[in-house]
Amino acid sequence: MGVTYDLIDAPYPYLCAVYRCRCGAAVTRHGDEAGVQPPGWHVHAAEPGESDEAVCPECVARSEAGERGQTPPRPA
Ligand SMILES: [Zn+2]
């Protein structure tokens, strides 16, 4: 998943960014905050031409735990 930018038209136009993780978590940022990733989220550009990749704090923690050599719980 990734980041979706939208222009909200009421009561006045402002930019809105929705950060979506592949696990389904989503955070909405408005106005000046739209271009800044939410606290704890990791956002990095994917391949050129594709949308950015957004990862929520929970998935960040899970992947970091995995990188430390711990075995994450396997989905059934
Ligand atoms: Zn997630």
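Just so it is clear, the structure is predicted and the values come from calculations on it, not from any experiment.

> I'd love a proper account of the overall build of the protein chain, names of residues and values included.
Helix and strand content of the protein chain: one helix and five strands. For the protein chain, the N- to C-terminal ordering of α and β elements is β-β-β-β-β-α. Pairs at least 24 residues apart make up 27% of the contacts formed inside the protein chain by residues separated by at least 6 positions.

> Give a detailed account of the environment of Gln37, specifying residues and quantitative values.
Looking at where Gln37 falls in the secondary structure, it is placed in the loop between strand 3 (26-30) and strand 4 (42-44). Separated by 20 residues in sequence, Gln37 and Ala17 place their C-alpha atoms 9.3 Å apart. Apart from residues lying up to four places away in sequence, Gln37 is in contact with Tyr19 and Val43.

> Give me the confidence of the model for the protein chain: which residues, what numbers.
Averaged over the protein chain, the pLDDT score is 82; the fraction of residues at 70 or greater is 82%. Mean pLDDT across the elements of the protein chain ranges from a minimum in strand 1 (residues 3-8), with 79, to a maximum in strand 3, with 92.

Parameters at a glance
Position numbers for residues count from 1 along each chain, tracking the sequence in the order it is written. Selection of residues for local features in this predicted model requires a pLDDT of at least 70, selection of side-chain atom pairs for listing and counting requires 80 or more, and totals for whole chains, interfaces and linings are taken over all residues. Under the scheme used here, helices are H or I runs from DSSP no shorter than 4 residues and strands are E runs no shorter than 2 residues, and both carry numbers assigned from the N terminus. By the convention adopted here, residues make contact when the C-beta atoms placed from their backbones lie within 7 Å. Each residue gets a pLDDT score, which is the predictor's confidence in that residue and runs from 0 to 100.

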